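Each chain, letter by letter, is given below.
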Amino acid sequence: DSGVTQTPKHLITATGQRVTLRCSPRSGDLSVYWYQQSLDQGLQFLIQYYNGEERAKGNILERFSAQQFPDLHSELNLSSLELGDSALYFCASSVGYPNEQFFGPGTRLTVL
Amino acid sequence: KNEVEQSPQNLTAQEEEFITINCSYSVGISALHWLQQHPGGGIVSLFMLSSGKKKHGRLIATINIQEKHSSLHITASHPRDSAVYICAASKSDYGQNFVFGPGTRLSVLP
């Protein structure tokens, strides 16, 4: 158990819908990262937050947004969902950066 | 050409064999990470390297900054080492913008 929690574990929704994925980092970790893993694209970095501020941005679509709250938990919002958004979404946390990251168990999103 | 390449893509080994997985990258990095992803999907960070060599149990990771190359070695491999091993380049010191390799799928047979 990494100490990083993600909810929900599984999510099934329809195209055009909006969902919110939640991540709670390890106690004491200030940095949160979001990743997408799809079958055809592999792992992709989406975005990093550090102590509430956006720090780095990767291949995150405009339909996706994220934030980190004062209690350091983070949410990833996915809107206008498409079939291609079906993937595993991982959250990770670290004390700072660059530091070893601890990964959550992931949320499996299925868009029908 | 991908910014991070790995070889081999797939690897089957017998138990106790010495295993090497290679990673080469074409971008400037602040650190190179090795991750392990088990069949159930969970990801574990194995190493973070910015120079030299690190060892943890039967795992050894090395990096050559000049040649932009890193290797992950597994000594005395065991079936529980079967997993996908992914190298990731951290591109910036201000924030960690990661680029991932495609992964190496390792199967260790008893």
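Residues numbered from 1 in each chain as written. Chains lettered and ligands numbered in written order. Predicted model: local features only at pLDDT ≥ 70, side-chain atom pairs only at ≥ 80, totals over all residues. Heavy atoms only, no water.

Focus on unusual backbone geometry
No. 1: The linkage connecting A:Thr7 with the following residue, A:Pro8, adopts the cis geometry, with an omega of -10°.
No. 2: If you trace the backbone, A:Pro8 turns up in the loop between β1 (5-7) and β2 (10-13).
No. 3: B:Pro8 follows B:Ser7 through a cis peptide bond whose omega is -5°.
No. 4: Residue placement: B:Pro8 occurs in the loop between β1 (4-7) and β2 (10-14).
No. 5: Non-glycine residue A:Leu72 carries a positive phi angle of around 80°.
No. 6: Along the chain, A:Leu72 turns up in the loop between β7 (64-68) and β8 (74-78). (Helix = DSSP H or I, 4+ residues; strand = E, 2+ residues; numbered from the N terminus.)

Description of the sheet that holds β1(A)
All names here are of chain A.
No. 1: Strand order in the open sheet formed by four strands is β1-β3-β8-β7, and the pairing between neighbours is antiparallel. Either end of the sheet is taken by a strand with one partner, and the two such strands are β1 and β7. Taken pair by pair, the neighbouring strands of this sheet meet at an average axis angle of 15°, ignoring direction.
No. 2: Strand direction decides the pairing type here: β1 and strand β3 (residues 19-24), joined by three bridges, are antiparallel. Looking across to β3, one finds that Thr7 is bridged to Arg22. (Pairing = 2+ DSSP bridges. Axes fitted to C-alpha atoms, helices over the stretch in contact; angles between N-to-C directions.)

Topic: the pattern of salt bridges
All names here are of chain A.
No. 1: Inspection of every chain in the model, using the stated rule, returns six salt bridges over all chains.
No. 2: Ionic pairing is found between Arg55 and Glu53, a salt bridge with its closest N-O pair at 3.3 Å.
No. 3: What makes Glu53 partly exposed here is its relative accessible area of 48%.
No. 4: Taken together, the shared-partner salt bridges in this structure form one network comprising Arg63, Glu82 and Asp85. (Salt bridge = Lys/Arg side-chain N within 4 Å of Asp/Glu carboxyl O. Buried < 20%, exposed > 50% of the residue type's maximum accessible area, 1.4 Å probe, protein only.)

Here we look at the interface of chain A and chain B
No. 1: Residue-level contacts link 19 residues of chain A with 16 residues of chain B.
No. 2: Here chain A packs against chain B, burying approximately 1600 Å² in sum over the two surfaces, 60% of which is carbon and sulfur.
No. 3: The largest share of the area that chain A buries against chain B comes from A:Leu43, A:Pro98 and A:Phe103, three residues that together contribute 34% of it.
No. 4: Here chain A is connected to chain B by one residue pair in polar contact (both at pLDDT 80 or more).
No. 5: Listing elements by their share of the side of chain A that touches chain B, those giving two or more residues are β4 (31-38), β5 (42-50) and β6 (53-57) of chain A.
No. 6: A total of four residues in the side of chain A that touches chain B trace back to one element, the largest contributor, which is β5(A).
No. 7: Each residue belonging to the side of chain A that touches chain B can be placed in one class, and the counts come to nine nonpolar, seven polar and three charged. (Contact = heavy atoms within 4.5 Å. Buried area = accessible area lost by both parts, 1.4 Å probe. Polar contact = N/O pair within 3.5 Å; in protein donor to acceptor, adjacent residues only side chain to side chain. Nonpolar A, V, L, I, M, F, W, Y, C, P; charged D, E, K, R; others polar.)

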